[in-house]
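Structure assessment
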Amino acid sequence: LRCAGVVEAVRVSRVGYPQRYSHSQFISRYRTLGIREMKKAAKAKTKVKPIAVLVDTIAKKMALIDSKASSADEKVGKKSKSDGKVDLLAIGVQVGKTKV
C-alpha cells in the first residue's frame, strides 16, 4: 500500500477534508468574506438565509479566482443558466440543513 501511494492519499484526505461547520460557526468564521452582501440581503424585502448569501458569495469569489487561474477549466466557473448562481458541487461546497 505504501508503494502504491494509498497510505499517502489517506493521510492527505484525513488532514484537510472534510471540514464541516455548523451554520453559526461558518458564519462567524467567514462573515468578513461576504459582509457587504449579507448586509444587502438583510435590508432586502425578500428574506434570504444568511448562510445561503454567504456561501453563494464565497462560491462566486472562488469561481472567479479559479477561472482567472485556469481559463481552460470551464467546470469551475460554470454558472446556472436560470438564476446566475455558481454550481456549488463544482466548487466543492455542500450546504445541508445544519452544516456546511
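From a predicted model like this one, the values you see are computed outputs, not experimental measurements.

Remarks on the side chain of Thr 57
With respect to the element layout, Thr 57 can be found in helix H4 (residues 50-69). Engagement of the side chain of Thr 57 in a polar contact is seen with the backbone oxygen of Val 53, the distance being 2.7 Å.

Structural notes on the packing of aromatic side chains
Both the distance between ring centres and the angle between the ring planes are used here to describe each pair of aromatic rings. For the structure on display, the rule yields 3 aromatic pairs. Both rings, one in Tyr 21 and one in Phe 26, keep their centres 6.5 Å apart while their planes meet at 50°; by these two values the pair is tilted. Take Tyr 21 and Phe 26: they sit in the same class, and that class is buried. Taking the centre distance of 4.8 Å and the plane angle of 45° together, the rings of Phe 26 and Tyr 30 count as tilted. Remark: Tyr 30 and Phe 26 occur in helix H2 (residues 23-30); sequence separation between them is 4 residues, near one turn of the helix. Grouped by ring-pair contacts, the aromatic residues Tyr 21, Phe 26 and Tyr 30 constitute a single cluster.

Criteria and cut-off values
- Residues numbered from 1 in each chain as written.
- Predicted model: local features only at pLDDT ≥ 70, side-chain atom pairs only at ≥ 80, totals over all residues.
- Heavy atoms only, no water.
- Helix = DSSP H or I, 4+ residues; strand = E, 2+ residues; numbered from the N terminus.
- Polar contact = N/O pair within 3.5 Å; in protein donor to acceptor, adjacent residues only side chain to side chain.
- Phe/Tyr/Trp six-rings, centres within 6.5 Å; stacked < 30°, edge-to-face > 60°.
- Buried < 20%, exposed > 50% of the residue type's maximum accessible area, 1.4 Å probe, protein only.

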